[in-house]
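Okay, here's what each chain looks like letter by letter:
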Amino acid sequence: MFSKPTARALSILDLLMAHPQKAFGLTELTRTLNLNKATCHAIVSTMTTYGFLVQDERHKQYRLGPSIVAAGNAAFAQFPVLEYARPELEKLTKELNIGCGVIGRSAKHLVLLANYGIPKPLDFPFQLGLRLPNTGPLGAAFIAWSPAKALEAWLQSAQKTEEFDEKLDQRLRIAVIGIRARGFEVTLKTRAEQELELALSTGRLNWSLEQQAHSTQRYREALCREEYHLNRIEPDRQYPVCNIAVPVFGRHSEPELVFSTGSIESSLSGKQIIEIAIQLQSAAKNVTLAAHSALGLGDTTTPSFQ
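These remarks concern the structure in this document.

Quick notes on the rules
Residues numbered from 1 in each chain as written. Predicted model: local features only at pLDDT ≥ 70, side-chain atom pairs only at ≥ 80, totals over all residues. Heavy atoms only, no water. Helix = DSSP H or I, 4+ residues; strand = E, 2+ residues; numbered from the N terminus. Buried < 20%, exposed > 50% of the residue type's maximum accessible area, 1.4 Å probe, protein only. Pairing = 2+ DSSP bridges. Salt bridge = Lys/Arg side-chain N within 4 Å of Asp/Glu carboxyl O. Contact = heavy atoms within 4.5 Å. Axes fitted to C-alpha atoms, helices over the stretch in contact; angles between N-to-C directions. Expected span 1.5 Å × (residues − 1). Arc of directions from axis to C-beta. Disulfide = S-S within 2.5 Å. Phe/Tyr/Trp six-rings, centres within 6.5 Å; stacked < 30°, edge-to-face > 60°. Core = buried A, V, L, I, M, F, W, Y, C linked by side-chain atoms within 4.5 Å.

On the secondary structure map, arginine 191 appears in helix H9 (residues 191–203). Sequence separation of arginine 191 and tyrosine 219 is 28 residues, and the distance between their C-alpha atoms is 9.3 Å.

What follows concerns the pairing of strand E9 (residues 241–249). Most of E9 sits out of view: eight of its nine residues are buried. Sheet analysis places strand E7 (residues 185–188) next to E9, joined by four bridges and oriented antiparallel. By the bridge assignment for E9, leucine 188 is matched with valine 241. In sequence, E9 turns back onto strand E10 (residues 255–262) through a hairpin of five residues.

Take the pattern of salt bridges next. All chains considered together, the criterion is met by seven salt bridges. The salt bridge partner of glutamate 90 is arginine 86, with a shortest N-O separation of 3.1 Å. Within this pair, glutamate 90 and its partner arginine 86 are both found in helix H5 (residues 82–96), separated by four residues, close to a single helical turn. Accessibility expressed as a relative area gives 32% for glutamate 90, which makes it partly exposed. Note on arginine 86: relative accessible area 45%, which makes it partly exposed. Shared partners join several salt bridges into a network, and the residues in it are Glu152, Asp169 and Arg173.

This part is about the sheet that holds strand E3 (residues 61–64). Across the sheet, which stays open at both edges, the three strands sit in the order E1-E3-E2 with antiparallel pairing between neighbours. The sheet is open, and its two borders are formed by strand E1 (24–25) and strand E2 (53–55), each paired with just one other strand. Across three bridges, the pairing between E2 and E3 is antiparallel. When the sheet's bridge partners are listed, leucine 53 is paired in E3 with leucine 64. The strands touched by helix H1 (residues 4–18) within the sheet are E1, E2 and E3, with E3 carrying the most contacts at an inclination of about 80°.

Moving on, we get to the pairing of E3. Where E1 lies against E3, two bridges are found, and the strand directions are antiparallel. Bridge assignment links glycine 25 to a residue of E3, and that residue is glutamine 61. Connecting E2 to the next strand, E3, in antiparallel fashion are five residues, including lysine 60 with a positive phi near 60°.

Once that is clear, we can look at the sheet that holds E9. Taken together, the six strands give an open sheet; going across it, the order is E6-E5-E4-E10-E9-E7, and neighbouring strands pair in antiparallel fashion. Only two strands of the sheet have a single neighbouring strand rather than two, namely strand E6 (131–133) and E7. Between one strand axis and the next, the sheet turns by 30° as a mean value, whatever way the strands run. Inspection of the sheet shows strand E4 (residues 99–105) paired to strand E5 (residues 109–116) by six bridges, in the antiparallel sense. Each residue of the ladder has a partner; that of arginine 105, found in E5, is leucine 110.

This part takes up helix H10 (residues 209–223). The end-to-end C-alpha distance of H10 is 21 Å, a good match for the 21 Å that 15 residues give at a rise of 1.5 Å each. Those residues of H10 lying buried are Gln212, Ser215, Thr216, Tyr219, Arg220, Ala222 and Leu223. In a view along the axis of H10, the buried residues occupy a sector of 165°, so they form one face of it. Exposed side chains of H10 directed beyond 90 degrees from the buried face belong to Glu210 and Arg218.

The next thing to look at is the state of the cysteines. Each disulfide consists of one covalent bond between the sulfur atoms belonging to two cysteines. Per the stated rule, a full pass over the model turns up zero disulfides. The structure places no disulfide on cysteine 224, whose sulfur is separated from the nearest cysteine sulfur, that of cysteine 242, by 15 Å. Exposure remark for cysteine 224: the relative accessible area of 6% places this residue in the buried category. Here cysteine 242 is not disulfide-linked; the sulfur of cysteine 100 is the nearest cysteine sulfur, at 13 Å.

Bringing the packing of aromatic side chains into the picture now. Scanning all chains against the criterion turns up one aromatic pair. The interplanar angle of 80° and the centroid separation of 6.1 Å between the aromatic rings of tryptophan 145 and phenylalanine 249 together place this pair among those described as edge-to-face. Note that tryptophan 145 is positioned in the loop between helix H6 (140–143) and helix H7 (148–157) and phenylalanine 249 in strand E9, a separation of 104 residues in sequence. Assessed through its relative accessible area of 12%, tryptophan 145 is described here as buried. Relative accessible area serves as the criterion here: at 1%, phenylalanine 249 is assigned to the buried category.

This part covers the nonpolar core. Core analysis: the biggest nonpolar cluster contains 33 residues, and Val102, Phe184, Val241, Ile244, Phe259 and Ile273 have the highest contact counts within it. Mapped onto this core, the elements with two or more residues apiece are H5, E4, E5, E7, E9, E10 and helix H11 (270–295). Sequence-distant contacts of valine 102, defined by excluding residues within four places in its chain, comprise Leu82, Leu89, Val111, Leu112, Leu113, Ala114, Tyr116, Leu257, Val258 and Phe259.

Here it is in structure tokens:
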């Protein structure tokens with residue numbers, strides 16, 4: 001079931017979460033979220049009463065409140081490796097001069113949990129909390145280390161029509177095998193990505209959870225028609241790289257998080273891709289071992305890194 005009143009409250013939190021450095025007045029909230037002013041005022045007043053928002057007394061603008069911090073800390077406990085990710089990725093962004101992000105997943109979504117090194121975060125379309133469908137071809141860096149049953153479900157999720165697309169299925173199987181063998185995922189710039197950036201940027205003027213879900217679903221479907229994964233890496237060849245991603249393991253044998261590069265402006269040689277991937281893998285290994293040590297696991301569940 002879908003609850004519009006709940007979605008209205010969540011859209012306010014989602015907007016403020018995506019713009020953590022910005023405060024919004026009531027008029028701007030109603031305009032951006034396309035809400036009735038009285039309805040919006042009732043929602044933000046209630047949320048302020050219970051500490052989920054705070055209002056600046058002088059400018060009458062709203063920001064996220066202390067109750068959200070408490071909720072965030074409670075959620076943070078579900079991803080203990082995040083505690084060790086920040087120093088590793090902040091160091092890496094300085095060394096590589098590119099942005100790095102941390103991606104988590106739920107049953108239905110891939111979620112951008114943190115990003116580092118993006119010089120103008122408010123101008124960057126992929127904001128904190130961005131949700132992408134957790135279905136093929138997205139999330140391959142997670143699924144490459146998942147059980148066979150989960151892999152088959154992921155492959156099936158990429159089939160958008162009743163008519164089975166054998167070429168797509170084969171392409172994704174090859175991609176997953178390559179990712180598992182190398183230890184990292186490489187994706188290429190696509191027209192689908194450009195269209196998603198435009199949709200998300202346009203959405204700032206009319207923030208809608210439903211519209212975002214529609215845009216990201218269209219993005220996923222469009223990726224199925226493009227060459228998205230880079231499977232063969234030749235050291236001297238140039239590639240229009242979108243992201244390089246590596247798994248991060250916690251308590252279990254499946255990835256708990258994924259570290260991913262972002263904001264790669266120019267093409268990379270195969271040699272550069274491998275060098276970046278090795279540095280990402282090193283950061284992931286350090287985080288994994290630190291988390292395992294804190295949990296008393298040692299390195300018994302740490303995968304092999306190339």
